[in-house]
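Residues per chain are reported as follows:
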Amino acid sequence: GAVVSQHPSRVICKSGTSVKIECRSLDFQATTMFWYRQFPKQSLMLMATSNEGSKATYEQGVEKDKFLINHASLTLSTLTVTSAHPEDSSFYICSASAGPREQFFGPGTRLTVL
Amino acid sequence: SQQGEEDPQALSIQEGENATMNCSYKTSINNLQWYRQNSGRGLVHLILIRSNEREKHSGRLRVTLDTSKKSSSLLITASRAADTASYFCAAQTSGSRLTFGEGTQLTVNP
């Protein structure tokens, strides 16, 4: 199956700093990438949808200036959490899609903001 | 966003027993998918059932879909301790967009 990687897998940062998370599709070209957030023992909540070369579409309640998404190529999307605060601590998961049906999920990034 | 509902939220069974999880959704769908997530890990795609299908099998998995009731069920037969994980349904609507259910935490005791 298609492989999606995320880097880093785990990051701890101080409050007020910015953190960048990378999502890569390793063996296919992803026309669309999705970013999700998952709090402990909860479901995945879609944050934004990004298409290569265009601006991301954010879900209601997600601050686009805080969660910067760049999808510069068909194999790479990045999520930057700016001025991170402890409440941003969460598990961030990306997925990539080459067509309308199946999404392939990355292994997730555990963000802890102190 | 519209979250689906899953029940039960938690299910604990003995190895060898069957596990049934249910999912309900709110809008019309293109398909419904089931995923598995081990603690602190990413999602693994298990099975997809199209809106015009009623039942689908894959190994020990059996999925049903009732579009009139907007519900789906996942049956895992002859469960194993390694099946312990969280299971999520996800309804796919327009394009590739997925809306996830709240999940069922399955524990299979050896």
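Above this note sits the structure.
So, here's what we can say about the structure. Since this is a predicted model, take the numbers as computed values, not measurements.

## Observations regarding the state of the cysteines
Residue and element names in this part refer to chain A. Per the stated rule, a full pass over the model turns up two disulfides over all chains. Residue pairing for C23: its cysteine sulfur links by disulfide to C94, the two sulfurs lying 2.0 Å apart. Its torsion about the S-S bond being 80°, the disulfide of C23 and C94 is classed as right-handed. With C23 in strand β3 (residues 19-25) and C94 in strand β9 (residues 90-97), this residue pair connects regions lying 71 residues apart in the sequence. The cysteine C13 is free of any disulfide, with C94 supplying the nearest cysteine sulfur at 18 Å.

## What to know about the packing of aromatic side chains
Residue and element names in this part refer to chain A. All told, the structure shown has eight aromatic pairs over all chains when counted by the stated rule. Relative to F105, the ring of Y36 lies with its centre 5.6 Å away and its plane at 40°, an arrangement referred to as tilted. With a gap of 69 residues between them, Y36 in strand β4 (residues 32-38) and F105 in strand β10 (residues 104-105) connect regions that are remote in the sequence. For Y36, a relative accessible area of 0% translates into the label buried. Of the residues examined, F105 reaches a relative accessible area of 10% and is grouped as buried.

## A short note on the environment of B:T77
Residue and element names in this part refer to chain B. Here T77 lies in the loop between β8 (71-76) and β9 (85-92). Among the residues examined, T77 registers a relative accessible area of 27% and is labelled partly exposed. Once the C-alpha coordinates of T77 and L61 are considered, the two residues, 16 residues apart in sequence, prove to be 6.6 Å apart. In this structure T77 touches E17, N18 and R60, once residues within four positions along its chain are discounted.

## Considerations on the layout of surface pockets
Residues and elements named next belong to chain B. One number sums up the size of the largest pocket: a volume of about 500 Å³. Broken down by secondary-structure element, the contributors of at least two residues to the lining of the largest pocket are β9 and β11 (104-109). Sort the elements by how many residues they give to the lining of the largest pocket and β9 lands first, with three residues.

## Some words on the pairing of β9(A)
Residue and element names in this part refer to chain A. Among the eight residues of β9, eight are classified as buried, and the element is accordingly described as predominantly covered. In terms of strand pairing, β4 meets β9 through seven bridges, oriented antiparallel. Bridge assignment links Q38 to a residue of β9, and that residue is F91. Note that β9 and β10 share two bridges and pair antiparallel. The residue bridging S95 from the neighbouring strand is F105, located in β10.

## Notes on the interface of chain B and chain A
One frequently used descriptor of interface size is the decrease in accessible area upon assembly of the parts. Listed per partner, the contact involves 22 residues of chain B and 21 residues of chain A. Counting each side, the surface lost to burial between chain B and chain A is near 1,600 Å², with a carbon and sulfur contribution of 50%. Contact with chain A buries area across many residues of chain B, yet B:L43, B:S96 and B:R97 alone supply 28% of it, more than any other trio. Here chain B and chain A share one salt bridge between them. Note that B:R97 is salt-bridged to A:E59, the shortest N-O span being 2.6 Å. If you look at where chain B meets chain A, you find four residue pairs in polar contact (both at pLDDT 80 or more). Going through the elements one at a time, β4 (31-37), β5 (43-50), β9 and β10 (98-100) of chain B are the ones with two or more residues in the side of chain B that touches chain A. Residue composition of the side of chain B that touches chain A, by class: six nonpolar, 12 polar and four charged.

## Side note on the pairing of strand β11 (residues 109-113) of chain A
If a strand is regular, its side chains alternate between the two faces of the sheet. Residue and element names in this part refer to chain A. Residues of β11 alternate between two faces, with T109, L111 and V113 buried on one and R110 and T112 left unburied on the opposite face. Sheet analysis places β9 next to β11, joined by three bridges and oriented antiparallel. In the strand pairing of β11, Y92 is matched with T109.

What counts and what doesn't
- Residues numbered from 1 in each chain as written.
- Chains lettered and ligands numbered in written order.
- Predicted model: local features only at pLDDT ≥ 70, side-chain atom pairs only at ≥ 80, totals over all residues.
- Heavy atoms only, no water.
- Disulfide = S-S within 2.5 Å.
- Helix = DSSP H or I, 4+ residues; strand = E, 2+ residues; numbered from the N terminus.
- Phe/Tyr/Trp six-rings, centres within 6.5 Å; stacked < 30°, edge-to-face > 60°.
- Buried < 20%, exposed > 50% of the residue type's maximum accessible area, 1.4 Å probe, protein only.
- Contact = heavy atoms within 4.5 Å.
- 1 Å grid on protein atoms, 1.4 Å probe; cavity = no way out; pocket = protein on both sides within 12 Å on 5 of 7 lines; lining within 4 Å.
- Points joined across faces, edges and corners; volume = space filled by probe spheres on them.
- Pairing = 2+ DSSP bridges.
- Buried area = accessible area lost by both parts, 1.4 Å probe.
- Salt bridge = Lys/Arg side-chain N within 4 Å of Asp/Glu carboxyl O.
- Polar contact = N/O pair within 3.5 Å; in protein donor to acceptor, adjacent residues only side chain to side chain.
- Nonpolar A, V, L, I, M, F, W, Y, C, P; charged D, E, K, R; others polar.

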